[in-house]
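# Reading the structure
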Amino acid sequence: MIWPIAPMKATAGRLPTGPSWVFEPKWDGHRALVRVTTDGVGGRVVDAVSSTGQPRMQRWPWLAEVVDVIDADAGVVVLDGEAIAAGDDGKHTFQSLGRADRNHMFVAFDILQLDGRDLTALPWSERRRLLETVVSPSGRVLITPVTNDGDALMTATKATGFEGIIAKRIDSIYLPGKRTTNWIKVKHRFEQEFVIGGYLQGDGARSTSFGSLLLGVYDGGVLRFAGAVGTGFTDAALVQIRGLLQQRNSIACPFEPVPKMVRGTARWVTPDLVAQVTFAEWTEDGHLRHPVYLGLRDDKFASDVVRER
């Protein structure tokens, strides 16, 4: 197996039914692929990357604890999962990830390699059995729960503040880097990634920063304008994003067609930043209603960002 491996992706859709499906909670964090190898002198080494292949061990050194829950005789192991962070109330949120005062965990939901053997051609049911055999959850490393009752999981995850659930066909093989309808994500609220293509100048308390970010999604290789988000920013986020925007200032509008801005002066940027945004709904003209900024994503390629619903 070539490392790093690109993760398999789910398609947004409605809750499927029938005995060929199983259901898992949808964790609100960053995708992480973790590999455990031997160091040649009897020890074991952990490596981890994001869904875009970026190194993660320096940022999340606690992932080294994965070694402690892997069967000592398992050899080379590659796990697919989610890095999450929980607040004082025990609930995990995207905004908590990376904060030093939050408890971080790795939730494994798939195993792609075991003792050097590529498992991606096996059905999900067999990979799940092997995952439960090889990993003994403890401390900061968990295995995601699964159930055959999608309706019950939808109810439970909504009550506990989860983003939604993932439905998986029990016979689905693992397709690295592919988005497939064999995995379906069903969300309680609208939330997804958007490409930042520009911003509006701020005024008042934001006169030295920006008023809102101009967002878009790709459609057939073209970046389409999806609206502006001006809420949800902490003071630290305003400073951070302003600096990143200034580094990317451009005279060319990345959106097609060029959006008509109702107020303020638009400034365009090179569209390689990705923001996570939650919102009430899509309007008929393809814009966001009541969007709220959640954070930046460095584990997503801008070119992969499309409208999910």
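In this report, we go over the structure that sits alongside the text.

One can find lysine 185 in strand β10 (residues 179-187). Judged by relative accessible area, lysine 185 falls into the buried class, the value being 11%.

Okay, unusual backbone geometry next. The residue after tryptophan 3, namely proline 4, is reached through a cis peptide bond having omega 0°. With respect to the helices, strands and loops of the structure, proline 4 is situated in the segment before β1 (9-12). Cis geometry marks the peptide bond from glutamate 256 to proline 257; its omega dihedral reads 0°. Tracing the backbone shows proline 257 in the loop between β14 (249-250) and β15 (266-279). Despite not being glycine, aspartate 115 shows a phi value in the positive range, around 55°. By secondary structure assignment, the location of aspartate 115 is in the loop between β6 (103-114) and β7 (117-118).

A turn of α-helix holds 3.6 residues, and therefore any two residues three or four places apart point the same way. Helix length check: helix α3 (residues 235-246) (12 residues) gives 17 Å between terminal C-alpha atoms against 16 Å at 1.5 Å per residue, within 8%. Among the residues making up α3, those that are buried are Ala237, Leu238, Ile241, Arg242, Leu244 and Leu245. Looking straight down α3, one finds its buried side chains confined to an arc of 165°; they lie on one side. The exposed residues of α3 that point more than 90 degrees off its buried face are Asp235, Ala236 and Val239. Looking at the buried residues of α3, the elements they touch are β11 (190-201), β12 (210-219), β14, β15 and β18 (292-297).

Moving on: the nonpolar core. In terms of nonpolar packing, the biggest core is built from 34 residues, with Phe194, Leu213 and Leu245 touching the most fellow members. Mapped onto this core, the elements with two or more residues apiece are β11, β12, β13 (222-229), α3 and β15. Once you skip the residues sitting within four places of it in the chain, leucine 245 turns out to touch Ile196, Tyr199, Phe210, Leu213, Val269 and Leu273. Ala48, Trp62, Val67 and Leu97 belong to the second largest nonpolar core, which has 31 residues in total.

The rules we used
Residues numbered from 1 in each chain as written. Predicted model: local features only at pLDDT ≥ 70, side-chain atom pairs only at ≥ 80, totals over all residues. Heavy atoms only, no water. Helix = DSSP H or I, 4+ residues; strand = E, 2+ residues; numbered from the N terminus. Buried < 20%, exposed > 50% of the residue type's maximum accessible area, 1.4 Å probe, protein only. Expected span 1.5 Å × (residues − 1). Arc of directions from axis to C-beta. Contact = heavy atoms within 4.5 Å. Core = buried A, V, L, I, M, F, W, Y, C linked by side-chain atoms within 4.5 Å.

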